[in-house]
Amino acid sequence: MAGQSDPHLSIFSAAEVEFLAEDELVEIIPNMSMDSLNFICGDFGPFYPHIPTEVPIWLAMALKKRGKCAIRPPSWMSLENLTQVLELERDSPREFQPLPFHYVEISRLLFDHAREDIPDVHMVRTLVEDIRDVRFHKVESGFETIGSRTHAVKLKNLSAMEVNIVRPFFVRALQAFYKHDSPQMIPQPDTASRRTDTGDRGPRRDLRPR
């Protein structure tokens, strides 16, 4: 996995970000009875038919694949909520609306593995894509505001995918501006030491003929 300490290597692939999102919790409706499942990351269950319970997305997808449950979409994925979020995003060109950190990845996973469990899935998908496009456009527009006097950037409510795009660019840009604005921070040839070295060679002999 790409390292986060080096700004040149800090971009995660879409698959890596999606892998991290699979640890987010989602509610399922089991259609079977099963004892609790014990994992390193925690204990989940017990499971009873038609009794909602929360599990990580990766477990929900595994149970869904085996026909053991239905996945209940999170409340933020409702048609009404997404419509409101899209309107607010469009009306606020400099602000990002609060959404789950992995909203892009969660919605993509549910569209791929539980589309039949999502009411109005086609409209919901369209709204999520529109929200993502509007927010990415804000990110790109924000790049244009960076100048040589920019020493810090504060962005609130960015998602994982947006942070993944922004982080390396801003780090390199701010480093470049700082370097050009502070030439005294750039190492210069040590002329003083050269003069000192010359002076330490002792008195010069006068080679002129007498």
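Here goes a summary of the coordinates provided. Along each chain, residues carry numbers from 1 onward, in the same order as the chain's sequence is written. A pLDDT threshold of at least 70 governs which residues receive local features in this predicted model, and a stricter bar of 80 or more applies before side-chain atom pairs are shown or counted, although totals over entire chains, interfaces and linings include all residues. Water and hydrogen atoms play no part in the side-chain values, which are based on all heavy atoms of the structure.

Moving on, we get to helix α4 (residues 103-113). Burial runs high along α4: eight of the eleven residues are buried. Every buried residue of α4 is listed here: Tyr-103, Val-104, Glu-105, Ile-106, Ser-107, Leu-109, Leu-110 and Phe-111. Burial classification: accessible surface area is computed with a 1.4 Å probe over protein chains only, and a residue below 20% of its type maximum counts as buried, one above 50% as exposed, and the rest as partly exposed. Secondary structure is summarised from DSSP: a helix means a run of H or I of at least four residues, a strand means a run of E of at least two, and numbering begins at the N terminus for each.

Glancing now at the sheet that holds strand β4 (residues 53-56). Within a beta sheet, neighbouring strands are joined by backbone hydrogen bonds and run either parallel or antiparallel to one another. Whether two strands pair comes down to DSSP finding at least two bridges between them. The three strands lie next to each other as β4-β1-β5, forming an open sheet whose pairing is antiparallel. The open sheet is flanked by β4 and β5 (69-72), the only strands paired with a single partner. If you compare each strand with its neighbour and ignore which way they point, the axes differ by 45 degrees on average. Pairing geometry for strand β1 (residues 25-30) and β5, over four bridges, is antiparallel. Considered in β5, the bridge of Ile-28 is made with Ile-71. Think of each axis as a best-fit line through the C-alpha atoms, taken over the contacting stretch in the case of a helix, with angles from 0 to 180 degrees between the N-to-C directions.

Between helix α1 (residues 14-21) and α4, whose axes approach to 9 Å, the crossing angle comes to 85 degrees. Relative to α4, the element α1 is oriented roughly perpendicular. Across the interface between the two elements, Ala-14, Val-17, Glu-18 and Ala-21 from α1 touch Glu-105, Arg-108 and Leu-109 from α4. Asp, Glu, Lys and Arg are counted as charged, while Ala, Val, Leu, Ile, Met, Phe, Trp, Tyr, Cys and Pro are counted as nonpolar; the rest, among them Gly, fall into the polar class. The class makeup of the residues in the contact of α1 with α4 is four nonpolar, no polar and three charged. Just so you know how the angles are binned, under 35 degrees is roughly parallel, over 145 roughly antiparallel, 65 to 115 roughly perpendicular, and the rest oblique. Here, two residues are considered to be in contact whenever any of their heavy atoms come within 4.5 Å of each other.

By themselves, these are just geometric observations and shouldn't be taken as functional.
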